[in-house]
Amino acid sequence: MQLTGYNYIAGETSAEGAETFFSVNPRSKETADLPFHNATAAEVARAVEAAEAAFTEIRDYSSEKIADFLDEIAEQIEALGDELLDCADRETGLGLPRLTGERERTTGQFRAFGSFLREGSYLRPIINSEQPGQPSIRQMQFPVGPVAIFAASNFPFAFAVAGGDTASALAAGCPVVVKAHPGHPATSEMFAQAFNAAVAAGGFPAGTFSMLQGNGIDVGQWLVAHDGIEAVGFTGSLRGGRAIYDAAASRPRPVPVYAEMGSVNPVVITGAALAQRADDIAEGLVASITMGTGQFCTNPGLILLQDSPAAQDFIADVTAKMSVAPAGVLLNETIARGLEGTVGRTVANPEISVLTGGEAIADSDYFCFSNTVMQTTAAAIRADDRLQVEHFGPVTLFVVCEDGADLSATVDALEGNLTSTIHAESDELGDIGDLLHQLREKAGRVIWNGFPTGVAVVQAMQHGGPYPATTAPGTTSVGMNAIYRFMRPIAFQNVPDALLPDPLKDANPLGIMRLVDDVYTDGRL
Ligand code: NAP
């Protein structure tokens with residue numbers, strides 16, 4: 001495939017700006033030759049205006065037409081073939097097995113949304129028929145309008161140009177303007193070409209999809225500030241997500257930002273679990289901490305246990321395993337420098353002991369950081385929120401608690417997370433309830449005797465959590481419910497049947513499940 005290094009705006013390539021940047025191979029630190037052009041303010045505006053124009057058509061498309069379009073996108077991504085895998089591997093160092101699985105998840109996501117749309121009840125039609133003293137009220141979900149999407153660096157497929165935010169926004173019936181991540185610009189351009197082909201094949205308006213390149217905050221800031229953007233999806237750092245949230249909130253007409261940001265994913269291990277399964281838990285934890293070189297938002301970054309000889313043995317075992325595990329490739333220099341900075345600030349705290357690693361690997365010819373295990377006390381975590389910072393890499397921090405009360409007080413002091421995990425034994429169920437409820441208050445997903453990495457794309461999945469894990473804890477960025485970030489309910493009061501959208505008409509011409517006078521039915525009124 002011929003790459004241009006240009007922006008893709010409503011089906012056309014565009015490179016009006018003089019500022020460029022280059023793709024860097026994290027395994028060799030070599031810079032590729034093709035310059036990628038940062039979008040200009042005028043190009044950002046053109047992309048948003050094209051999305052606004054596209055929305056006036058797409059908002060009235062049937063679920064079936066949008067579902068066919070989502071299937072077409074999946075096919076166009078598959079048609080990119082192994083060239084896509086090779087390109088992403090060159091730009092991220094994530095490796096072909098991981099990227100092959102991620103591509104499957106990405107195309108599967110589009111097809112799953114297609115099925116979800118065809119079933120029809122995602123529109124959530126609710127009808128309260130006219131009663132004495134009460135008008136007829138009928139409600140369903142509608143797309144919000146153009147959505148700005150910020151691609152993540154650590155999932156070049158599943159959370160990037162063709163990621164879950166894009167899939168759910170398009171499924172909702174919203175055009176998208178994607179700010180590509182500068183860590184993998186060539187991969188992003190390949191996806192843009194696939195989207196353009198799908199837009200043309202599906203007969204969708206060209207402004208349905210645009211992709212802007214940029215390394216630096218300007219492109220994103222212009223995008224979020226544009227009044228034509230109605231919602232924002234973001235995956236990345238707390239600092240970036242918070243800046244975008246603040247920018248959207250300070251617009252004359254603020255719009256919601258669905259940002260998924262940092263998380264340390266606390267893991268609590270009981271003494272009984274250690275007595276029964278210390279070896280297995282240690283092995284599972286090390287695999288989870290080092291998976292993808294630790295560059296997962298669900299990486300287990302904080303491990304809480306009560307002090308005991310068995311706990312000390314366990315910590316020593318995890319440390320030994322981490323110290324012999326090979327240092328993996330980090331995505332790019334920004335991530336490597338960022339990790340050096342966050343670990344550096346943590347180890348400067350006198351309450352922190354470094355058990356292994358803790359520093360950059362000198363003279364390495366690839367981007368990396370030493371596998372790191374640190375230890376501190378529960379009192380130290382409670383005294384300093386900065387120890388709850390995400391270390392985005394193969395790093396974890398043990399928190400040794402004096403007793404059950406110390407553990408409970410520490411869990412209470414935790415910030416919001418995507419996940420919380422407990423390892424316990426079945427004969428502890430009577431004692432563990434309070435702790436589980438405490439952990440529930442701190443996360444969007446509670447895991448029993450497992451590990452937080454690995455997020456299934458299924459209806460019941462919740463990938464979100466209280467701030468600072470996200471800016472919208474009532475929503476998810478994985479699974480079918482992600483669509484509701486980009487839809488809003490509209491109620492029709494006493495509107496004549498002929499003017500109602502099909503899902504709300506008396507006859508239920510689409511034959512979909514509706515909540516009619518408080519009873520679910522797929523029948524007519
Ligand atoms: P990032 O710095 O948050 O950047 C993500 C995207 O947001 C990029 O396109 C970036 O643009 C843009 N951006 C950042 N700050 C912005 C601002 N103030 N205004 C407008 N746009 C802004 O994330 P990253 O580059 O992927 O990695 C940096 C750090 O983020 C990592 O070291 C890690 O700590 C964290 N991270 C967390 C997760 C997670 O899932 N929790 C995932 C990835 C990264 P430019 O890059 O063009 O400036």
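Remember, it's a predicted structure, so these values are computed and weren't measured experimentally.

Reading the values: the criteria
The residue numbers shown here count from 1 along each chain, following its written sequence. In keeping with the predicted nature of the model, local features appear solely for residues at pLDDT of at least 70, side-chain atom pairs appear and are counted solely at 80 or more, and the whole-chain, interface and lining totals rest on all residues. The basis for every side-chain value is the complete set of heavy atoms in the structure, and neither hydrogens nor water enter the calculation. Distances are taken per atom, and a residue is near a molecule or strand as soon as one of its heavy atoms is within 4 Å of it. Here a polar contact is recorded for every N or O atom pair within 3.5 Å, except that within protein the pair must consist of a potential hydrogen donor and a potential acceptor, and residues adjacent in sequence are included only if both atoms are side-chain atoms. Helix and strand assignments come from DSSP, with helices taken as H or I runs of at least 4 residues and strands as E runs of at least 2, each series counted from the N terminus. For this classification, the nonpolar set comprises Ala, Val, Leu, Ile, Met, Phe, Trp, Tyr, Cys and Pro, the charged set comprises Asp, Glu, Lys and Arg, and every other residue, Gly included, is treated as polar. All the domain ranges listed were derived from an automatic or database domain assignment. Buried residues are those whose accessible area, probed at 1.4 Å on protein chains only, stays under 20% of the maximum for their type, while exposed residues exceed 50% and partly exposed ones sit between those limits. By definition, residues are in contact when any of their heavy atoms lie within 4.5 Å. The axes are straight lines fitted to the C-alpha atoms, using for helices just the contacting stretch, and the angles between their N-to-C directions are given from 0 to 180°. Between 65 and 115 degrees an angle is taken as roughly perpendicular, under 35 as roughly parallel, over 145 as roughly antiparallel, and anywhere else as oblique. Any Lys or Arg side-chain nitrogen located within 4 Å of an Asp or Glu carboxyl oxygen qualifies as a salt bridge.

**Overview of the site of the ligand**
Close to the ligand lie 24 residues, the nearest being Ser153, His181, Gly216, Ser237 and Met261. In this structure, Ser237 approaches the ligand through a side-chain N or O atom, which is 2.6 Å from an oxygen atom. Within the contact set of the ligand, a nitrogen atom lies 3.1 Å away from a side-chain nitrogen or oxygen of Glu390. Secondary structure elements with two or more residues in the shell around the ligand: α7 (217–225) and α8 (238–249). Considering each element in turn, the shell around the ligand owes the most residues, three residues, to α8. Within the shell around the ligand, the residues separate by chemical class into ten nonpolar, eleven polar and three charged. When residues of the shell around the ligand are sorted by domain, at least three fall in each of domain 1 (7–261 + 475–485) and domain 2 (266–448).

**Some thoughts on the side chain of Thr396**
Within the secondary structure, Thr396 is located in strand β18 (residues 395–401). Residue classification places Thr396 among the buried residues on the basis of a relative accessible area of 1%. Of note is the side chain of Thr396, whose polar atom sits 2.8 Å from the backbone oxygen of Pro300. Beyond its immediate sequence surroundings of up to four residues, Thr396 is in contact with Ile289, Pro300, Gly301, Leu302, Ile303, Thr372, Val373 and Met374.

**Points about the packing of helix α3 (residues 81–92) against helix α6 (residues 185–202)**
Helix-helix packing is described using two parameters, namely the angle between the two axes and the distance between the axes. Remark: α3 packs on α6, axes separated minimally by 8 Å, with the N-to-C direction vectors making an angle of 155°. Here α6 runs roughly antiparallel to α3, going by the angle between their axes. Taking contact as the criterion, the partners of Glu83, Leu84, Cys87, Ala88 and Glu91 in α3 are, on α6, Pro185, Ala186, Thr187, Met190 and Phe191. When the residues that make up the contact of α3 with α6 are grouped by side-chain class, the tally is seven nonpolar, one polar and two charged.

**Some points on the pattern of salt bridges**
Scanning the model with the defined rule gives 23 salt bridges in all. The residue Arg27 makes a salt bridge to Asp89 at a minimum N-O spacing of 2.8 Å. Within this pair, whereas Arg27 is found in the loop between β4 (24–25) and β5 (30–31), its partner Asp89 is found in helix α3, the two being separated by 62 residues in sequence. Residue classification places Arg27 among the partly exposed residues on the basis of a relative accessible area of 37%. Here Asp227 ties to Arg253 by a salt bridge, and the two come within 3.0 Å at their closest N and O atoms. Here Asp227, found in the loop between α7 and β12 (231–235), pairs with Arg253, found in the loop between α8 and β13 (257–260); they are 26 residues apart in sequence, far enough to count as distant.

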